[in-house]
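Summary of structural features
One letter stands for each residue in the lines below.
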Amino acid sequence: MTMIRRILPEKRRPQLRELVTSGRLVRAIEAHSGISALVSSETTGSSNGHEGRSFDALWLSSLTSSAARALPDMELYALERRIELIDEVLNASPKPLIVDGDTGGEETAFEYLCARLENMGVSAVVIEDKQHPKRNSLSLQSRHVLEEPAVFGKKLRRGRNALLSTDFMIFARLESLIAGETVRDALERAKVYLDNGAHGVMIHSKDRQPDSIFDFLHRYRNAANHSQPVICVPTTYNNVRAEMLHERGANIVIHANHLLRAAHFAMRQVCRSILDNDRSMEVDNSITPVSEIFLEVGYDAALERETQGAAGR
C-alpha cells in the first residue's frame, strides 16, 4: 500500500550537500507543480543500460513556475505565492529541492528568503548576479545588466549570516556569459562570491556549443583551484551528456524547464485534436488514463486506508 510521501525538513535539507560531498554526479530536473514533482521523482530509466536511474534532486525554476501561472519570468511571482508552491513540491516528493531565487531581491529580502527556505527543508537556493528586476537569461531580445560584484557579494554574505544550519547551501549564479562578458569575468566574479560566503556557483550560458562552459570548468578547477561545487544547466548546449560535464568538474546538472515545455506541447496537441475531431477519442493514446492518475497521486491508497480504518472500528 502506497503511503503518503513524507520526510522531515531536517532529514531532507542535508541530502543535497551529502550527495555533492560524496563526489557523485547529481542529476536534477525542474518541478513547477506537485504533479510534476511526483512524476519526476518516481520515474526511472528503462533502457541504454540505465535501468533504474532516477533524478537525484528537483529544481524549482523561476521560468517554469511563472509560466505555469501565465506570468512572464520577470520577478513578478510574489514571494508568498512561491512559498506556497515550494510547500506543494516538498509535500509531493522526498527529493532534495534547489530553489531558483532570481536576483534574491534586496539584501533584507534575501535574508528572509534564506531563513524561510532553510526552515522548510529546502537544500539550496541559487541567485543570479544581475540587477533587479532580472530578465530571463535565455531571451535573445533582453538586455542583461550585471550587478557590481561587491554589491552582489554583500547580499550573499547577508544570506549566509542568516543561516542556522550547515546543511543549507547558497549558490551564486554567474551571468557573465549571458551578458556577453568573458570566462575571465565569470571566474573573477566567482572568486568574489565564494569569498563572501557562497557555497558554490552556477555557470550559465545560452550558447549552442559548450566550449565556454568547458573552458570555465577547466580554469575554475585548475587555475583557480576551487573545490566548491559547480552547477551546470545545459538547456541550449543539450548535445552534452551530464556525465561529460561531471568529468570536466560539474557537480550538479539541472534540466531546468523541460517538464513545463513538455506539458505545454502536449496540452496544445490535445486541444487541437479535440477541436479538429469534435471528440476526445483520438487522444486516448496520447494521455494518461484517469486510473493511473488515481494510483500515482495516492487516491487508491487513501481509499484502501479508509476501508481498513472502517474495518478496524
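Up top you'll find the structure we're talking about.
Presented here is a report on the structure given in the accompanying data block. Quantities reported herein were computed from a predicted structural model and do not represent experimental measurements.

Reading the values: rules and limits
Residues numbered from 1 in each chain as written. Predicted model: local features only at pLDDT ≥ 70, side-chain atom pairs only at ≥ 80, totals over all residues. Heavy atoms only, no water. Helix = DSSP H or I, 4+ residues; strand = E, 2+ residues; numbered from the N terminus. Rg over C-alpha atoms; globule rule 2.2 N^0.38 Å. Buried < 20%, exposed > 50% of the residue type's maximum accessible area, 1.4 Å probe, protein only. Contact = heavy atoms within 4.5 Å. Areas by Shrake-Rupley, 256 points an atom, 1.4 Å probe, with all protein chains shown as cover. Salt bridge = Lys/Arg side-chain N within 4 Å of Asp/Glu carboxyl O. Polar contact = N/O pair within 3.5 Å; in protein donor to acceptor, adjacent residues only side chain to side chain.

**As for the overall build of the protein chain**
The helix and strand tally for the protein chain stands at 13 helices and eight strands. The C-alpha radius of gyration computed for the protein chain amounts to 21 Å, which stays within 12% of the reference 20 Å derived for 313 residues, consistent with globular compactness. Based on the C-alpha atoms only, the size of the protein chain along its principal axes is roughly 65 × 50 × 40 Å. Of all 313 residues assigned to the protein chain, the portion counted as buried reaches 47%. At a minimum sequence separation of 6, the contacts of the protein chain that also span at least 24 residues come to 74%. Split by element, the accessible area of the protein chain, about 15,900 Å² in all, is 51% carbon and sulfur.

**Section: the environment of L259**
Relative to the helices and strands, L259 is located in helix α11 (residues 258-277). Here L259 falls in the partly exposed class, since its relative accessible area comes to 23%. Not counting residues up to four positions away in its chain, the partners in contact with L259 are I29, E30, H32, S36 and S40.

**A short note on the pattern of salt bridges**
If you walk through the whole model with that rule in mind, you get 17 salt bridges. Across the pair E80 and R116 runs a salt bridge, and its minimum N-O distance is 3.2 Å. Placement of the pair is E80 in helix α5 (residues 79-92) and R116 in helix α6 (residues 107-120), with a sequence separation of 36 residues. By relative accessible area, which is 25% here, R116 ends up partly exposed. With a closest N to O distance of 2.6 Å, E107 and R158 form a salt bridge. In this pair, E107 is assigned in helix α6 and R158 in helix α7 (residues 149-161), connecting sequence segments 51 residues apart.

**Observations regarding the side chain of R82**
In this fold, R82 is placed in helix α5. Reaching out from R82, the side chain makes a polar contact with the backbone oxygen of D100 at a distance of 2.8 Å. For R82, the contacting residues outside a window of four places in its chain are L60, S61, S62, S65, Y77, D100, G101 and D102.

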